[in-house]
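# Structure at a glance
Listed below, chain by chain, are the residues.
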Amino acid sequence: MGSKEKILMRFATHLTRLRKERGLSIRQLAAAAGLDYSQVQRIEKAKVNIAFTTLVALAQGLEMSVAELLDEFKAPRN
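The present account deals with the structure reproduced in this document. Computed from a predicted model, the values in this text were never measured in an experiment. Within each chain, residue numbers correspond to sequence positions counted from 1 in written order. In keeping with the predicted nature of the model, local features appear solely for residues at pLDDT of at least 70, side-chain atom pairs appear and are counted solely at 80 or more, and the whole-chain, interface and lining totals rest on all residues. The side-chain values count all of the structure's non-hydrogen atoms but skip hydrogen atoms and water molecules.

## Regarding helix α2 (residues 26–33)
Selection rule: Accessibility here uses a 1.4 Å probe with only protein chains present; expressed as a share of the type maximum, an area under 20% marks a residue as buried, one over 50% as exposed, and anything in between as partly exposed. Runs of E in the DSSP output that reach at least two residues are strands. Runs of H or I that reach at least four are helices, and both are numbered from the N terminus. The arc under discussion is defined with respect to the helix axis, by the directions toward the C-beta atoms. It only takes one pair of heavy atoms within 4.5 Å for two residues to be counted as in contact.
Residues Ile26, Leu29 and Ala30 constitute the buried set of α2. Each buried residue of α2 lies within a common arc of 100 degrees when the element is viewed along its axis, so the set occupies one face. Turned more than 90 degrees away from the buried face of α2 sit Arg27, Ala31 and Ala32, all of them exposed. Considering only its buried residues, α2 is in contact with α1 (3–21) and α3 (37–44).

In structure tokens:
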């Protein structure tokens, strides 16, 4: 398994855990996110690259975390 596949699997596992912690089915998450059920299902099975690996690779190339890379885009806190 290559590094991109490992990243996709890690994200898929994380997304599944978060969804289950919130008591949502894949169908409910898909509806809430405005996505197709099958798309969310493929993401959770690490079957589709949603360009997250590119984001991670850029952060690694810059020797920073993804959070640091996206810090400027973070939603303001109330």
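Once you've had a look at it, read on.
## Concerning the side chain of Glu44
Cut-off, in case you're wondering: The definition of a polar contact used here is a pair of N or O atoms within 3.5 Å, where within protein one atom must be able to donate a hydrogen and the other to accept one, and adjacent residues in sequence count solely through side-chain atom pairs.
As for its placement among the helices and strands, Glu44 is situated in helix α3. A residue is classified by how much of its surface remains accessible, and Glu44, at 12% relative accessible area, is buried. Here the side chain of Glu44 touches Arg19 through a polar contact of 2.7 Å, side chain to side chain. With residues up to four places along the chain from it excluded, the contact list for Glu44 reads Ala12, Leu15, Thr16, Arg19, Ile26 and Leu29.

## Topic: the packing of aromatic side chains
What counts, and what does not: Side-chain rings of Phe, Tyr and Trp (the six-membered ring for Trp) are treated as a pair once their centres are within 6.5 Å; stacked means planes under 30 degrees apart, edge-to-face means over 60, and tilted covers the remaining angles. Either the NZ atom of lysine or the CZ atom of arginine qualifies as a charge over a ring when it sits within 6 Å of the ring centre and within 35 degrees of the ring normal.
As enumerated under the stated definition, the model contains zero aromatic pairs in all. Directly above the ring of Tyr37 sits Arg27, whose terminal nitrogen or CZ lies 4.2 Å from the centroid.

## A short note on α3
For α3, the full list of buried residues reads Val40, Ile43 and Glu44. Within α3, the buried residues cover an arc of 95 degrees as seen down the axis, which keeps them to one side. Backbone geometry just downstream of α3 places Ala46 in the positive-phi region, at approximately 60 degrees.

## Details of the environment of Phe52
Summarising the element assignment, Phe52 is placed in helix α4 (residues 52–61). Classification of Phe52 as partly exposed rests on a relative accessible area of 24%. Separated by 41 residues in sequence, Phe52 and Phe11 have C-alpha atoms that sit 8.5 Å apart. Once you skip the residues sitting within four places of it in the chain, Phe52 turns out to touch Ile7 and Phe11.

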